[in-house]
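# Residue-level structure breakdown
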Amino acid sequence: MVKVHLDFETRSKISVVDVGPWRYSMDPSTTVLCLCYRVIDEKTKETIKEDIITKEDFENQFDYNVMTEYVGPCKIPILSISSLINFAKDPEVRFEAHNAMFEYCMWNNVLARSFGFPELKDFNRWECTASKAATHALPRALGNCAIALHLSVNKDETGKRVMMKLSRPKKPSKKDPTIWYNDVEDFKTLYDYCVQDVVVESAIDEALPPLNPIEREIWKLDQTINSRGIRIDTAALDIAIDFAQRFKDELNNELCNITGGLVNKASEVKKLTAYLQDFVDKKELPNINAAVVKEYLKKCTDSKIRRILEIRQQAGKSSTSKLETIKTCMCEDEKVRDILVYHGASTGRWAGAGIQVQNFPRGSKEYDVDTVIETLKTNNYEAFKLIYPNVVDAISAALRGLLIADEGNDLIAADFSAIEARVLFWVAQCKAGLNAFVNGEDIYCLMASEIYKRKISKKDKDERQLGKTCVLGCGYQMGAARFKEHVKLLTGMEISEAMAKLTVDTYRSTYPEVVAFWYSQERAAIKAVRESGRLITEGLIKWKVQGHFLYCRLPSGRCIAYCDPIIKPIETKWGEIKEQLTFMAVNSLTKKWERQHTYGGMIAENIVQGTARDLMAYGMLNLEKKGYKSAMTVHDEVVANVLKGTGSVQEFETILATTPEWADGCPVKAEGWRGNRYRK
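Residues numbered from 1 in each chain as written. Predicted model: local features only at pLDDT ≥ 70, side-chain atom pairs only at ≥ 80, totals over all residues. Heavy atoms only, no water.

### Some remarks on the overall build of the protein
Counted only if it meets this: Going along the chain from the N terminus, every DSSP run of H or I of four or more residues is numbered as a helix, and every run of E of two or more is numbered as a strand. In this scheme, a residue with accessible area under 20% of its type's maximum is buried, one over 50% is exposed, and one in between is partly exposed, where area comes from a 1.4 Å probe on protein chains only. Contacts are assigned to residue pairs that have any heavy atoms within 4.5 Å of one another. Note that accessible areas follow from Shrake-Rupley with a 1.4 Å probe, and for residues the cover is restricted to the protein chains shown. The charged-residue count follows a simple rule in which Lys and Arg add positive charge and Asp and Glu add negative charge, with His and chain termini not counted at all. Charged side chains are reduced to one point each, which is NZ for Lys, CZ for Arg, CG for Asp and CD for Glu.
What the protein contains, in helices and strands, is 27 helices and 20 strands. Based on the C-alpha atoms only, the size of the protein along its principal axes is roughly 85 × 70 × 55 Å. Split into buried and exposed, the 680 residues of the protein put 53% on the buried side. Considering only intrachain contacts with a sequence separation of at least 6, the fraction spanning at least 24 residues in the protein is 65%. Within the structure as shown, the protein displays about 31,700 Å² of accessible surface, and the carbon and sulfur contribution to it stands at 51%. Of the side chains in the protein, 95 bear a positive and 93 a negative charge, and the two mean positions are spaced by 3 Å.

### A short note on helix 12 (residues 269-276)
Given 3.6 residues to a turn, an α-helix orients residues that are three or four positions apart in the same direction. The condition is simple: This arc describes the spread of directions from the helix axis toward the C-beta atoms.
Taken together, the buried positions of helix 12 are occupied by L272, T273, Y275 and L276. In an axial view of helix 12, the angular spread of the buried residues amounts to 160 degrees, which keeps them on one side of the axis. Contacts from the buried residues of helix 12 go to helix 11 (234-258) and helix 14 (303-315).

### Details of the layout of surface pockets
Our working definition: Only protein atoms enter the 1 Å grid used here, on which a cavity is any set of points holding a 1.4 Å probe that cannot leave and a pocket is any open set flanked by protein within 12 Å on both sides along at least five of seven lines; residues with an atom within 4 Å of a point are listed as lining. Grid points are joined across faces, edges and corners, and a volume is the space filled by probe spheres set on the points. Each residue gets one of three labels, nonpolar for Ala, Val, Leu, Ile, Met, Phe, Trp, Tyr, Cys and Pro, charged for Asp, Glu, Lys and Arg, and polar for the others, Gly among them.
Quantified by volume, the second largest pocket comes out at close to 1,600 Å³. Lining the second largest pocket are 45 residues, with V16, V17, H98, N99 and F102 positioned closest to its centre. At the level of elements, strand 1 (2-11), helix 1 (16-19), helix 2 (21-26), helix 5 (100-115), helix 8 (157-167), helix 9 (184-207), helix 10 (213-228) and strand 8 (340-341) are the ones that each hand at least two residues to the lining of the second largest pocket. Grouping the constituent residues of the lining of the second largest pocket by class yields 22 nonpolar, 11 polar and 12 charged.

### Digging into the sheet that holds strand 4 (residues 94-97)
Threshold: For two strands to be treated as a pair, DSSP must find no fewer than two bridges joining them. Here, axes are lines fitted to C-alpha atoms. For helices the fit covers the stretch in contact, and angles between N-to-C directions go from 0 to 180 degrees.
Taken together, 5 strands build an open sheet; the order of strands is 3-2-1-4-5 and the sheet is mixed. Where the open sheet ends on each side, the last strands, each with one partner, are strand 3 (46-54) and strand 5 (126-128). Strand after strand, the sheet turns through a mean of 25 degrees between neighbouring axes, direction not considered. In this structure, strand 2 (residues 31-41) lies alongside strand 3, joined through 8 bridges in antiparallel fashion. Looking across to strand 3, one finds that L35 is bridged to I53. In the packing of helix 5 onto the sheet, the strands contacted are strand 1, strand 2, strand 4 and strand 5, and the crossing angle to strand 1 comes to about 75 degrees. The strands that helix 10 touches are strand 4 and strand 5; relative to strand 5, the one it contacts most, it runs at about 100 degrees.

### Comments concerning the nonpolar core
Stated precisely, the cut-off is as follows: Only buried residues count toward a nonpolar core. Its members are Ala, Val, Leu, Ile, Met, Phe, Trp, Tyr and Cys residues joined through side-chain atoms within 4.5 Å.
Counting residues in hydrophobic clusters, the biggest one holds 188 residues, and the most contacted among them are L84, F95, W107, W126, F483 and W543. For this core, the element with the most residues is helix 26 (residues 600-625), which contributes 11 residues. Those residues in contact with W126, other than ones at most four positions away along the chain, are L6, F95, A100, E103, Y104, W107, L120, R216 and W219. Formed by 15 residues, the second largest nonpolar core is a distinct cluster that contains L138, L142, F549 and Y551.

### Considerations on the packing of helix 22 (residues 461-473) against helix 24 (residues 497-510)
We apply this condition: Should an angle fall under 35 degrees it is taken as roughly parallel, and over 145 as roughly antiparallel, whereas 65 to 115 is taken as roughly perpendicular and any remaining angle as oblique. Crossings are classed by handedness, with left-handed meaning an anticlockwise turn of the near helix from the far one by less than a right angle and right-handed meaning a clockwise turn.
Contact geometry of helix 22 with helix 24 gives a least axis separation of 10 Å together with a crossing angle of 55 degrees. Relative to helix 24, the element helix 22 lies oblique. Of the two possible hands of crossing, helix 22 and helix 24 adopt the one that is right-handed. On the side of helix 22, the interface is formed by L466, C470 and V471, while helix 24 contributes M499, T503 and Y507. Counted by class, the contact of helix 22 with helix 24 contains 5 nonpolar, 1 polar and no charged residues.

### Let's talk about the sheet that holds strand 12 (residues 536-538)
Read across the sheet, 6 strands follow the order 12-13-14-15-16-17 without closing on themselves; strand pairing throughout is antiparallel. Of all strands in the sheet, those with a lone pairing partner are strand 12 and strand 17 (593-598), marking the two edges. When strand polarity is set aside, the average angle formed by the axes of neighbouring strands in this sheet is 35 degrees. Two strands pair when backbone bridges link them, and strand 13 (residues 541-546) and strand 14 (residues 549-553) are joined in this way by 5 bridges, in the antiparallel orientation. Each residue of the ladder has a partner; that of V545, found in strand 14, is L550. Along the sheet, helix 25 (residues 512-530) makes contact with strand 12, strand 13, strand 14, strand 15 (559-571), strand 16 (577-586) and strand 17, crossing strand 13 at roughly 25 degrees.

### Here's the deal with the pairing of strand 11 (residues 409-416)
Most of strand 11 is tucked away, with 7 of its 8 residues classed as buried. Of the strand pairs in this sheet, strand 11 and strand 19 (residues 637-643) are connected by 7 bridges, and their pairing is antiparallel. Its bridge partner lying in strand 19, A414 is registered against V638. Alignment of strand 11 against strand 20 (residues 670-675), held across 6 bridges, turns out to be antiparallel. What sits directly across from F416, in strand 20, is A670.

### Structural notes on the pattern of salt bridges
To be explicit about the condition: One side-chain nitrogen of Lys or Arg within 4 Å of one carboxyl oxygen of Asp or Glu is enough to make a salt bridge.
Tallied over the entire structure, the rule returns 52 salt bridges. Here E407 makes a salt bridge to R231, at a shortest N to O gap of 3.2 Å. Taken together, the residues E407 in the loop between strand 10 (403-404) and strand 11 and R231 in strand 6 (residues 230-232) connect sequence positions 176 residues apart. Using a relative accessible area of 65% as the deciding quantity, one classes E407 as exposed. One salt-bridge network, in which partners are shared between bridges, spans K3, E42, K45, R94, E96, E127, K132, D205 and E206.

Following this line, the structure appears as structure tokens:
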């Protein structure tokens, strides 16, 4: 097989980071500065051809005034362009890039549309080195990935600075009214930089194994979903933006009046904090973060301070900023795309991008989404405010409803029910937990009954809630102190340290197989590192060190990777020195590539989340085959478009919850809905 490694350098008035590759590539201001490619024979690993197509090459080869239809070369033929076009026409040739969706969009939305290049819309013909890196828990950024892999080649950081300079507009001046830098020497540096990126990309491809066949199908589905996008109710969006701004303006005017002009906006954090410290003890209100304000308002008796903090809560609501993000990311066809990140977590789960649907606020019983949006669309601000005095709260609660079905379609969605608890009991072979799910019992009531030593039913809401939080939270070795905080964060309930300890101890005594699973998997991982190259089997999980990685083979056959594993003595939270598995990974807080350590509960969490992801991906592939076209996935939920009058929620649930052979006995359940608007 012949493979073409690609890298575009481009410029635009908009930022690809802000809007995503699809919207970026469709913007009229987006142009190609250069395109480097390297053609490799995959059998011999020899380079067949390597070349760069410069900005000048494009200008000499094509007539920029002919934008609607390719009419052939207009000036001196450029052999590098002709060769690349020939490779594109050959269906046996694959194209690869780092973060391939960007190259896919630039090729199809710029080269094909504007310059007549043959389309490359079949994802069978594309591969992505960033996705391969992600499956090994490596940094997605090209240079950082090369460093993590200890490659002999790396990204040209000097060239990167020049690229950033050339790709963004500058401020025009009297001497130079243009908005672009066009220094000839800078472009020479840019071309060298582009060539080096392809060299590094090729080295990463060589260093990492390809995706296995099933995982490649999942990657292709991910790319398909991202290119489909999901439709936006633009009429409601525009009115929501207007109403939210008007309401915030009113709140800020009120704040200005209350503070005597000392604070003009709720977003002026320093000024507002300084003002409040004249009235409130800093120990009582150390800052004005949302969680702190919410807690302080429970005991605030000063009506003036209370109102100021309420204004801060309402005017500072970050969820309404998503309205502008949706508007910015939306394409001409009223869809947002590129909202999923394949293998965004080391376990394989998807992450969000762009409008970040995963972070949308949950719906509220106080606000019916359909009613809020229909009231919005009357475009009567005063009437809306009369019905919903807290305008931004209502809009925030209805945010999900702005995502709608395609014309002539419905949305059908289904969410896995307590999927992590189910999978944990299955991989740990915990009979009590499995039987409860298989028999359709309320496992939260069962757990609460064990904690309180009396029969708990759904009528006992607080007790059941504690049972639920226990089942969903204690499966990964959480201690009593953390569980106490966890309960308060998720439910708002205050429990004593004694109750927290009782709950944790009850979970562990009720499900001893889970506890055994934590320790057995930790021992197996450590043993695999010490006996590098030997396959260690522990229950349904297998461990082995190969090359730079410790691989954890899940029941599905897919592996979770831990880079550069080392066993080190680590001081635990309770002061004990214990040998633990350490590995290199991207720190979720610092975003730096650094050594981290793990323990049995966290290893169990990785195994469970990875397995749950594989079950969902299997269901998504089957849904696709049955004509349910996925529009997005949000945590453990799949959302698809289906023609009105076709399909059913029941069928959708059944397909999603059908388990593959490798998950025999895992009691998966999905619950769904159908409608025009997305909801939760």
